[in-house]
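Spelled out from the first residue to the last, the chains are:
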Amino acid sequence: GQNIDQPTEMTATEGAIVQINCTYQTSGFNGLFWYQQHAGEAPTFLSYNVLDGLEEKGRFSSFLSRSKGYSYLLLKELQMKDSASYLCAVRDPLQAHAGNMLTFGGGTRLMVKP
Amino acid sequence: DAEITQSPRHKITETGRQVTLACHQTWNHNNMFWYRQDLGHGLRLIHYSYGVQDTNKGEVSDGYSVSRSNTEDLPLTLESAASSQTSVYFCASSEGRALYEQYFGPGTRLTVT
């Protein structure tokens, strides 16, 4: 079956660095996505990892270890606008006929305080 | 600009009524998806489609149906609304196959009383 775990809530201070972890157990694996979702809004794409290692994109970085079933999203120089939920999602090609199926974790609600 | 829209944005209906939520995308994407989002459950897949006349059941498809008569639209129908279907519904679309992220619509908040 599918199991994707993230912490439910995290709090951090403006200007600091925060790491949001995601662990997964899936039948297959073909990529891990991170999405940002502000309250009352749609999720928006942040990053995609399919190979092990770190992908950096401005203040946000995402890391993947396929052997450990583990990813993290790193947010640097936190700003108040980074207060949002962060969703980890895994593409498992064995879940259905091949394509773009994603299974989402429950999301991590990040609160950034002054 | 290309976009994905949903309507209505808010809907209140009574138990037992049929409800249809609209989703329309102008990216010409083949893949379209319907999710529901509830506290404690994250996003769960209801139905999805990989092209015209193709529909497939997702994780929580009971009580829902979809049809795909053209590339742009994937309406979601609740055959007989139940209070357990009170949720926020998101439609999404994506291009082609493996490497492309999904783009989400703004969501529809449905309340079944």
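Residues numbered from 1 in each chain as written. Chains lettered and ligands numbered in written order. Predicted model: local features only at pLDDT ≥ 70, side-chain atom pairs only at ≥ 80, totals over all residues. Heavy atoms only, no water.

A.B. asks: Explain the overall build of chain A residue by residue, including any values.
C.D. replies: Looking only at helices and strands, one finds zero helices and 11 strands in chain A. Its C-alpha atoms give chain A a radius of gyration of 14 Å, within 12% of the compact-globule value 13 Å for 114 residues. Each principal axis of the C-alpha distribution contributes one length, and for chain A these read about 45 × 30 × 20 Å. Within chain A, buried positions represent 48% of all 114 residues. Pairs at least 24 residues apart make up 58% of the contacts formed inside chain A by residues separated by at least 6 positions. For chain A, the exposed area adds up to about 5300 Å²; of that, 50% sits on carbon and sulfur atoms. Averaging the positions of the 9 positive and the 10 negative side-chain charges in chain A gives two centres separated by 1 Å. (Helix = DSSP H or I, 4+ residues; strand = E, 2+ residues; numbered from the N terminus. Rg over C-alpha atoms; globule rule 2.2 N^0.38 Å. Buried < 20%, exposed > 50% of the residue type's maximum accessible area, 1.4 Å probe, protein only. Contact = heavy atoms within 4.5 Å. Areas by Shrake-Rupley, 256 points an atom, 1.4 Å probe, with all protein chains shown as cover. Lys, Arg positive; Asp, Glu negative; His and termini not counted. Charge placed at Lys NZ, Arg CZ, Asp CG, Glu CD.)

A.B. asks: How would you explain the sheet that holds strand 1 (residues 3–5) of chain A if you had to name every residue and give the values?
C.D. replies: All names here are of chain A. Strand order in this open sheet of five strands is 1-3-8-7-6, and the pairing throughout is antiparallel. Each of the sheet's edge strands pairs with one partner strand only, and the pair in question is strand 1 and strand 6 (53–57). The average angle at which neighbouring strand axes cross in this sheet is 15°, direction not considered. Note: strand 1 against strand 3 (residues 18–25), three bridges, orientation antiparallel. What sits directly across from Asn-3, in strand 3, is Gln-25. (Pairing = 2+ DSSP bridges. Axes fitted to C-alpha atoms, helices over the stretch in contact; angles between N-to-C directions.)

A.B. asks: Account for the nonpolar core, naming residues and giving values.
C.D. replies: In terms of nonpolar packing, the biggest core is built from 20 residues, with A:Leu32, A:Trp34, A:Leu73, A:Leu75, A:Leu78, A:Tyr86 and A:Leu110 touching the most fellow members. Listing elements by their share of this core, those giving two or more residues are strand 3, strand 4 (32–37), strand 7 (60–65), strand 8 (70–75), strand 9 (84–91) and strand 11 (108–113) of chain A. Setting aside residues no more than four positions away along its own chain, A:Leu110 makes contact with A:Met10, A:Ala12, A:Val18, A:Leu75, A:Leu78, A:Asp82, A:Ser83, A:Ala84 and A:Tyr86. Listed in part, the 19 residues of the second largest apolar core include A:Tyr48, A:Leu87, A:Phe104 and B:Leu45. (Core = buried A, V, L, I, M, F, W, Y, C linked by side-chain atoms within 4.5 Å.)

A.B. asks: Outline the confidence of the model for chain A, listing residues and values.
C.D. replies: With 92% of its residues at a pLDDT of at least 70, chain A reaches an overall mean of 91. Here strand 10 (residues 102–104) of chain A stands out as the least confident element of chain A, with mean pLDDT 88; strand 8 of chain A is the most confident, with 98. (pLDDT = per-residue confidence, 0-100.)

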